[in-house]
Amino acid sequence: MMSYLGALFWLFGVVAFGAIIPIVPTGAAVSGAAALAFHEHHPITIALVILFGAAGAYCGDLVMYAMCRLGGEQLARRLRWLRDEEHLAAVKVRLEKSPVPVLLVSRLIPGGRVPVLLAAAFVGLSWRIFIVANMPACALWAGVYAGIGVAGGSIFPRPWEGVVAAVILILVVNQTVSFITKRREARAADTSPSDASPSEA
């Protein structure tokens, strides 16, 4: 029991660290843990994976949001969180119009969480709104990735096979969504009308 609790706290730490330093595949960590939990044949273990994964994501988001609120854009550039300022400007507009739905969706889109967190901090989104809206966002995120892990665990008889399948599936989905998003943005940029049209004499 102690070893399993230790694994859950390890999952919490990995996800929280990955939320602050976005180089760790946190979704894969949750899916892998869920795939292993599936073979325990106790539904409570999967629920605990979702709980600890969501808690890690939530705490990591709070730390990152606080750092951005205090340090501003200068700190975000120094930590290389701020890379696409044009995209960030568009996110700011959407966030000012409907902050709660944007926060909810941002965690489910690969690469969507960091721009939304930065935009929320830079536009001065209140702590109350952020704290309330980010709870279901993190819970939904953990539930989705745990579901992927359970699917992988149910297909393969051995736990390690389910973990590998879940991680590969997540990487494929993330890369596919990122590719489609970039193609869509590039197409929109190519077809957008020019800012100024020549005046007629």
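Further up the page is the structure itself.
Summarised in this report is the structure supplied together with it.

## A look at the pattern of salt bridges
- On inspection of all chains with the given rule, the structure shows one salt bridge.
- Measuring nitrogen to oxygen at the nearest pair gives 2.7 Å for the salt bridge that ties Asp 61 to Arg 113. A residue pair is termed long-range when its members are at least 10 positions apart, and Asp 61 in helix α3 (residues 43-78) and Arg 113 in helix α6 (residues 113-122) qualify at 52 residues.

## Thoughts on the environment of Lys 92
- Within the element layout of this structure, Lys 92 appears in helix α4 (residues 85-97).
- On the basis of relative accessible area, Lys 92 is assigned to the partly exposed category, the value being 22%.
- Sequence separation between Lys 92 and Leu 118 is 26 residues, and the spatial gap between their C-alpha atoms is 8.8 Å.

## Overview of the environment of Phe 130
- With respect to the helices and strands, the residue Phe 130 is situated in helix α7 (residues 127-155).
- Classification of Phe 130 as buried rests on a relative accessible area of 0%.
- For Phe 130 and Leu 103, which are 27 residues apart along the polypeptide, the C-alpha to C-alpha distance reads 8.1 Å.
- Residue contacts for Phe 130: discarding those within four places in its chain leaves Asp 61, Leu 62, Tyr 65, Leu 103, Leu 117 and Leu 125.

## Examining helix α5 (residues 99-106)
- Looking only at α5, the buried set comprises Pro 99, Val 102, Leu 103 and Ser 106. What you see down the axis of α5 is that its buried residues fit within an arc of 100 degrees, all on one side.

What counts, and at which threshold
- Residues numbered from 1 in each chain as written.
- Predicted model: local features only at pLDDT ≥ 70, side-chain atom pairs only at ≥ 80, totals over all residues.
- Heavy atoms only, no water.
- Salt bridge = Lys/Arg side-chain N within 4 Å of Asp/Glu carboxyl O.
- Helix = DSSP H or I, 4+ residues; strand = E, 2+ residues; numbered from the N terminus.
- Buried < 20%, exposed > 50% of the residue type's maximum accessible area, 1.4 Å probe, protein only.
- Contact = heavy atoms within 4.5 Å.
- Arc of directions from axis to C-beta.

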